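# Architecture and fold: a report
Residues per chain, in single letters:
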Amino acid sequence: MLFCLLCLYTQVFKVPVASGDVIVAGTDGLFDNLYNNDITAVVVHATRAGLEPQVTAQKIAALARQRAQDKNRPTPFSTAAQDAGYRYYGGKLDDITVVVSYVTAFGNS
């Protein structure tokens, strides 16, 4: 009998998109260290500069790593920890994976 452990944890989402949208997917190492507005700022700068999705992902990951190593800057993880009653400041070292996709109209390169 073939058993798929990954299948037990897989979720499928259908989200409508339009040309010009940017999709950012990442691990908890990304979202524990950067607020959505931090990610948005990098995406806006990168798209205005004409950077490719891979470069945009690298820039987001680099910023997340920088924040993970900062023991003084508030992060989503430190905010959640403090809300739960813990004295925690700064980022959280973790694996950081980022994938960025630019949505284009069908037939465009």
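Residues numbered from 1 in each chain as written. Predicted model: local features only at pLDDT ≥ 70, side-chain atom pairs only at ≥ 80, totals over all residues. Heavy atoms only, no water.

As recorded by an unreviewed UniProt entry, the chain carries the name Protein phosphatase and is attributed to Aegilops tauschii subsp. strangulata.

The helix and strand inventory of the chain stands at five helices and two strands. Listing the helices and strands of the chain from first to last along the sequence gives α-β-α-α-α-α-β. Counting only residues that meet the buried cut, the chain has 26% of its 109 residues in that class. Pairs at least 24 apart in sequence give 69% of the contacts found in the chain among residues at least 6 apart. (Helix = DSSP H or I, 4+ residues; strand = E, 2+ residues; numbered from the N terminus. Buried < 20%, exposed > 50% of the residue type's maximum accessible area, 1.4 Å probe, protein only. Contact = heavy atoms within 4.5 Å.)

A word on the packing of aromatic side chains. Going through the model one piece at a time under the given rule, you end up with one aromatic pair. In this structure, Lys92 packs its charged tip against the face of Phe77, placed 5.2 Å from the ring centre. (Phe/Tyr/Trp six-rings, centres within 6.5 Å; stacked < 30°, edge-to-face > 60°. Lys NZ or Arg CZ within 6 Å of the ring centre and 35° of its normal.)

When we look at burial in helix H5 (residues 76-83), the residues that qualify are Pro76, Ser78 and Ala81. Looking at the buried residues of H5, the elements they touch are helix H2 (28-31). After H5 finishes, the residue Gly85 shows a positive phi value of roughly 95°.

Once that is clear, we can look at the pattern of salt bridges. Enumeration over the complete set of coordinates arrives at five salt bridges. For Asp28, the salt bridge goes to Lys92, with nearest N and O atoms at 4.0 Å. Note that Asp28 is positioned in helix H2 and Lys92 in the loop between H5 and strand E2 (98-102), a separation of 64 residues in sequence. The partly exposed category is assigned to Asp28, whose relative accessible area is 40%. Each of Asp28, Asp32, Lys92 and Asp94 takes part in a single network of salt bridges with overlapping partners. (Salt bridge = Lys/Arg side-chain N within 4 Å of Asp/Glu carboxyl O.)

One can find Arg67 in helix H4 (residues 53-69). Apart from the residues within four sequence positions on either side, Arg67 is in contact with Asn33, Leu34, Asp38, Arg73, Thr75 and Gly91.

A surface patch of nonpolar side chains, about 420 Å² in accessible area, is lined by Phe13, Val15, Val17 and Ile23. Relative to the helices and strands, Ile23 is located in strand E1 (residues 22-26). Judged by relative accessible area, which is 39%, Ile23 ranks as partly exposed. (Patch = residues over 30% accessible without salt bridge, like charges linked within 9 Å, V, L, I, M, F, W, Y side chains within 5 Å. Areas by Shrake-Rupley, 256 points an atom, 1.4 Å probe, with all protein chains shown as cover.)

We now examine H4. Between the first and last C-alpha of H4 there are 25 Å, a value that for 17 residues agrees with the 24 Å anticipated at 1.5 Å per step. Listed in full, the buried residues belonging to H4 are Pro53, Thr56, Ala57, Ile60, Leu63, Ala64, Arg67 and Ala68. Around the axis of H4, the buried residues are gathered within 140° of arc, so they sit on the same side. Residues of H4 that are exposed and point over 90 degrees away from its buried face: Gln54 and Gln66. Summarising the contacts, the buried residues of H4 are in contact with E1, H2, helix H3 (36-48) and E2. (Expected span 1.5 Å × (residues − 1). Arc of directions from axis to C-beta.)

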